[in-house]
Amino acid sequence: MVEVIAGHQADSRGRRIANTIFQRIVANAIVLLIISAVTFALMNFKAPEDLARSVLGREVSSEQIAAFVRSNNLDANFVERYLSWISGVFAGDLGTSLITRRAVSAVVSDAIGRSLTVAMLGAFLGVCSGVLAGVFLGVRVGSKTDIRMVTALLVIASMPEFLIGIALYMLFVTWLGWFPTQAAFAFSFGSASERAMNYILPAATIALLLLPHVARVTRVTMAEAIDAPYVVAAKLRGLSQVQTKWNYAFRSAAASLISVIGVNLVYAISGVVVVEYLFGFPGVGSLLVEAIGAGDSVTVQAVIMIFAIFVIIINVSVDIIIVILNPRLRYGT
Amino acid sequence: MRGLNWIGTEGDTGASGLEVRNLSVRYKQNASGVYNVSNLSFSLRPGRIFGLAGESGCGKSTTAIAAIGAGSVTTEVSGSSFYRGTDLLKLSLDQKRELWGKEISYVSQSASLSLHPSIPVGKLIAHPLKRHLNLSGGTLRDRQMQLLGMVELPQDEELLNRFTFQFSGGQLQRLALAVALACEPKVVIMDEPTTGLDVTTQAKISLLLKRIVDTKDVSVLYVSHDLALLSNISDDLGIMYAGQIAEYGQTAEVIGDPRHPYTKWLLGLSSHTDDRYLLPGIPGVPPPHVVRDKCSFAERCLYVREECLADPVELEAHSETHMVRCVRSRDLDRALLPSRPQPQAVGNSDEILLEVDKISVRYPMAPRYSVKDVSFDLRRGQRVGIVGESGSGKSTVLNVIAGLVPFAGGKVRLKGTTLPKRSKDRSRDMSKCLQLVFQNPDTALNPRHSITNILLRPLKLFRPDIPADMRQSALNEIMEQVRLPIEFLNRFPRDLSGGQRQRVAIARAFLADPQVLLCDEVTSALDVSVQATIMELISEMSAERGVAVIFVSHDLGLVRSFASTTVVMKDGMVVEQRDTRELFTAPSQSYTRELILATPSLGQQNRRIDTAMPPSDNVLVVR
Amino acid sequence: MRRILRTWEGRIGLFLVVGTTILIAVGPYIAPYSPTEVGLDQFNQSPNSVHWLGTDHLGRDVLSRFLSGGRSIIFIPVVSVTLAYLTAGLVSMVAAYKGGIFDLVVSRIVELLMSLPSLLKILLMVAAFGPSTGVLILAITIANMSGASRVVRGAVLSQSRLDYVKSSEARGEGVLIIVVQEILPNIVGPLAADYTLRITWAIIALSTLSFLGLGVQPPQPDWGLMIQDARASIKAAPLVAIVPALGIAALSVGLNLTADAIVRWSEGKEGST
């Protein structure tokens, strides 16, 4: 006879996962709110006159400053400005650029599609190749191939992204001439295929950015997982090489891997900024850099918020995957 | 070598047992010619359990793994291991994978380690079935149920969807057995399968094992350090020392008439029935590798002679079913082992030193109390033993007394004064009085502090009476008392063995000049031969200084030989608390009886277990 | 230290790090020309006997700029990471050991800090306060605090429930004594490795900032800045970009290798217990 003690049994697996997700989303929403407040504060703590001056330059009259302040609503008090801005954000209105006087939302929605494509392409390539490389190395730790590849990975990992980008640029654009030099030009005037070419190098740079870190972590977790007693036990049950490697070893490696991949993806978001700037790629990243240089606080706020939202999306996705992979978490242990 | 096929009948190699011949293993990192296991030969026969006994480091686990051809990249294995005429050690990995799990199975030490934590147990059972026997669908499900029944678990489909963390230790080991036996193997290797389980669970699983072996005609190799357990369940017994077999034969003979001095000593240490005499631990440590040019035990042996050190010693037949590796085996039949009378406690035994008054502990978010309403007294110089299985709360009680559990309920009074719950709130004198010695010598000493540093802490804190210039001699003195060389003072814990570290821990405790010594499973992480030394030390030092001792252990025999009063705990509560001798000869509670019966004692078959135990493993705990 | 030198990673790593550091420290004193002196008639020269590494697009001597351009790359990162460890690291050490509400609050704050990628945090601060040295130091410190905190917390938690700590507690010793005397010596390994890695990352971040024009400002010689400046004339004078790139790479690769060696060393030690 089976005697059941404690009653968690009834909850279905689906309900459990949904609960966890809901909790995470709420927590992250709060974080987002705090970020918005901090960002706004940082961008707007200067007196409106100073803001005007940093945009218009030094050689302006006080009338021009006053006009600027009025037209940009900088004379309202701080809290009012914040509230109007944040409610605008929810409605989809990201404000008006202090420089170009165009709606930020319009500019961003153009750019964001491109940035997303580059980022996702690069992330996909980078993570997949990283994982495969890591699994490949993890089962041969200590061998000559392993040592050689690990060194190569280390060197790449030590490079700042702009160096990787420049290396690729010099190789493929300057030297081989496979790709056009002016990405922005192609976007405004070029054909679809020309535009497509422009995605490749930035995506490749991002992939190269992710590859060594993902590979290194995968390698270490795989090497540990292969030696785990329950994997050795599986081998001793005569289970096949493939089954042991993927179903047993990789499964336990995956859970800890996912968090690290998540962290790396978050880092890659900032890499997008550098890469876009480097290649002159017209995405949100270059937008941000230009805006900072020009003193356009409205655009800066908006772009930062967008990035923050993406970070949250990544974090929540990682959390969901972890719950799926690790049954223990579903039971609230 | 003589006497190869002495177990079972001649010409049995056709039958599906395992014949291991001249197995040698060395780690590749060793200097050349240095072996970890040397020239081991034994036979596993259908329907018989071959017990391989030995202490840690003797090579028994290495042997078990190597015998089925599963050595790792770091080891070099030579010799042969015949299964149905084929030498396993000469097969390729793929060929071995055909046999492993199907005809030859391996059960490792901890079930929770051999079962993947994220795969439902049903699938774990199914994988070998699919792989080797191509079962699927209905037949697969039937077989899974059948296996559950065989290991005495409820035959419930729901169970197959659960994960390892939802089962108890005993249930897990049953599941591990089910997986190992899924394809009806002919040979099963078990490496300490019940170590770490509670005594009662261990008894039940051992019984289950025996039943399976009898009904299915399986050949079993059972590796364990617990000689008493092996004496109960194995048919043939081998004693390993320093990578070689010191003695082997039919269990009854080896236990009844041990001929190797090491075996005798080990047997003596494994039966703590007499509380009046102490068998000291074997001095020294075993050699780390195989010793080829003389008797490997010679340096620690009481009966050593010149011939022991001159030439290598071979295994010789003492009888048709008994082999010994000792040149003096014939004349040592009734040799006596050294023992000394237990030191008696000194001091006024009427004065109550410590009063434990209804302490209760409940961890936040825990479903039940870890400790509930536990009370007992401790008099000056008295020895109280607390026994119980894991989860009984015995260690928690000690932690409360030591001030490490600030949220405990109830009171602890020292010499009439109630002690603050948090050790930080206690006065220096209070802390000085109660000293704690922990279970695990690996974590009890700060790895980055030298032994001197470690010992100076209590000295500086609790002995202001010893001026700075006298400290060195105080340290030297205590090192002598715990029988450690003074040079060790400059070393670090990683340079010492487990037993030596434990001695430092004891020195650290006594250095504070306490009145109560709290021992928390201090011998559980040590080998049997080292345990005895530690017990001896505690006994002597506490008796000399009139220190009262509270000794917590799951080992009944140890408590029986050491404590004058025993407290039995289960699930956080005190079950019974009496004078030790009375408790063990005439237990008044059924749980106490269960515990005593379940503890393996030498030479008895565990037949009484059946009737005494309720089948509590059938409860499915859902978390 | 000796054990680190025994591994090939340690040797190469330390060689690179020490070599580059010496170059950076001594460089400005041995530079043949002023790094900021402009010579518009001599721009983009190839290496010759006057200018060993040629000149850049403003006619400045590349060798001198290279020799003087490393200071900022090392100074700011080291100071920032050290500050991060001294503040966040210390607080986390105590919080992780004590547990309770203090730990909960600190953990929440750290989580909050982690919600943006570090580079973005730095960009935000620079956007708000401008790219002066002080701001850069503050920004990089804040960017590293959450990471340092996590590493310290993990390391402390791995030790805090061990018996030797309990033994100290049972003696009634105070929190600070336990954290500093008992726990700290045992976590030096992973902390040192992380510290080194963070410096590497900070160097990368700083040079990236300079590259974006938001870090060290012209005409100061700075390796990141040099690379950015050189982009336009990369075909004509590649050395201008390559030499500082090699400098940055040498430093980061060296630090990474050293960090690896430290990890190897600390694991080896703990493994022998």
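This structure is a prediction, so every number in the text was calculated from the model and none was measured.

## Things to note about the sheet that holds strand 19 (residues 417-418) of chain B
Residues and elements named next belong to chain B. The strand order across the open sheet formed by four strands is 16-15-18-19, and the pairing between neighbours is antiparallel. Lying at the two open borders of the sheet, with one neighbouring strand each, are strand 16 (371-379) and strand 19. Pairing between strand 18 (residues 409-414) and strand 19: two bridges, direction antiparallel. Residue pairing for strand 19: Leu414 is matched across the bridge by Thr417.

## A closer look at the confidence of the model for chain C
Per-residue pLDDT for chain C averages 82, and the proportion of residues at 70 or more is 93%. Per the prediction output, this complex has pTM 0.81; the corresponding ipTM is 0.78.

## Observations regarding the nonpolar core
Among the nonpolar cores identified, the biggest contains 206 residues, and Leu288 and Val300 of chain A, Leu175, Leu177 and Tyr222 of chain B together with Ile122 and Leu123 of chain C are the most heavily contacted of them. Here this core gets 17 residues from one element, more than from any other, and that element is helix 11 (residues 241-279) of chain A. Excluding residues within four positions of it along the chain, Leu288 of chain A makes contact with Val273, Val300, Val303, Ile304 and Phe307 of chain A together with Leu120 and Leu123 of chain C.

## Here's the deal with the interface of chain C and chain B
In this complex, chain C contributes 22 residues to the contact, which on the side of chain B involves 24 residues. Roughly 2,000 Å² of surface becomes buried between chain C and chain B when both sides are summed, with 53% attributable to carbon and sulfur atoms. Counting across the interface, chain C meets chain B through two salt bridges. Here Arg457 of chain B and Glu173 of chain C are joined by a salt bridge, their closest N and O atoms 2.9 Å apart. At the boundary of chain C and chain B, one finds ten residue pairs in polar contact (both at pLDDT 80 or more).

## Section: the pairing of strand 17 (residues 383-387) of chain B
Residue and element names in this part refer to chain B. With respect to burial, strand 17 is a largely interior element, five of its five residues being buried. By the alternation rule, side chains of strand 17 split into Arg383, Gly385 and Val387 and Val384 and Ile386, which are all buried. Of the pairings in the sheet, the one linking strand 17 to strand 22 (residues 548-553) comprises five bridges and is parallel in character. Within strand 22, the position partnered with Gly385 by the bridge is Phe551. Sheet topology note: the strand 17/strand 23 (residues 565-570) ladder contains four bridges and is parallel. Following the sheet pairing, Gly385 is matched in strand 23 by Thr566.

## Here we look at the interface of chain A and chain C
Residue-level contacts link 39 residues of chain A with 32 residues of chain C. Contact between chain A and chain C buries roughly 3,400 Å² in total, counting both sides, with carbon and sulfur atoms accounting for 80%. Considering only the surface of chain A that becomes buried against chain C, Phe162, Tyr277 and Ile292 of chain A emerge as the three largest contributors, covering 16% of it. Here chain A is connected to chain C by one salt bridge. Note that Asp260 of chain C and Arg216 of chain A form a salt bridge whose closest N and O atoms lie 2.9 Å from each other. At the surface where chain A touches chain C, the tally comes to four residue pairs in polar contact (both at pLDDT 80 or more). Counting only elements with at least two residues in the side of chain A that touches chain C, the list comes to helix 1 (13-44), helix 6 (144-158), helix 7 (161-175), helix 11, helix 12 (284-294) and helix 13 (297-325) of chain A. The element best represented in the side of chain A that touches chain C is helix 11 of chain A, accounting for eight residues. By residue class, the composition of the side of chain A that touches chain C is 31 nonpolar, five polar and three charged.

## A short note on a nonpolar patch on the surface
Residues and elements named next belong to chain A. A cluster of nonpolar side chains, namely Phe22, Val26, Ile30, Leu33, Ile34, Val38 and Phe90, defines an oily patch on the protein surface of about 700 Å² accessible area. The element best represented in the nonpolar patch is helix 1, accounting for six residues. Mapping Phe90 onto the fold places it in helix 4 (residues 78-91). For Phe90, a relative accessible area of 67% translates into the label exposed.

## Structural notes on the side chain of Asp163 of chain C
One can find Asp163 of chain C in helix 8 (residues 163-170). Despite its burial, Asp163 of chain C pairs with no opposite charge, the nearest such side chain being Lys166 of chain C at 4.3 Å. Sequence-distant contacts of Asp163 of chain C, defined by excluding residues within four places in its chain, comprise Phe438, Gln439, Asn440, Thr443 and Ala444 of chain B.

Cut-offs and rules
- Residues numbered from 1 in each chain as written.
- Chains lettered and ligands numbered in written order.
- Predicted model: local features only at pLDDT ≥ 70, side-chain atom pairs only at ≥ 80, totals over all residues.
- Heavy atoms only, no water.
- Pairing = 2+ DSSP bridges.
- Helix = DSSP H or I, 4+ residues; strand = E, 2+ residues; numbered from the N terminus.
- pLDDT = per-residue confidence, 0-100.
- Core = buried A, V, L, I, M, F, W, Y, C linked by side-chain atoms within 4.5 Å.
- Buried < 20%, exposed > 50% of the residue type's maximum accessible area, 1.4 Å probe, protein only.
- Contact = heavy atoms within 4.5 Å.
- Buried area = accessible area lost by both parts, 1.4 Å probe.
- Salt bridge = Lys/Arg side-chain N within 4 Å of Asp/Glu carboxyl O.
- Polar contact = N/O pair within 3.5 Å; in protein donor to acceptor, adjacent residues only side chain to side chain.
- Nonpolar A, V, L, I, M, F, W, Y, C, P; charged D, E, K, R; others polar.
- Patch = residues over 30% accessible without salt bridge, like charges linked within 9 Å, V, L, I, M, F, W, Y side chains within 5 Å.
- Areas by Shrake-Rupley, 256 points an atom, 1.4 Å probe, with all protein chains shown as cover.
- Lys, Arg positive; Asp, Glu negative; His and termini not counted.

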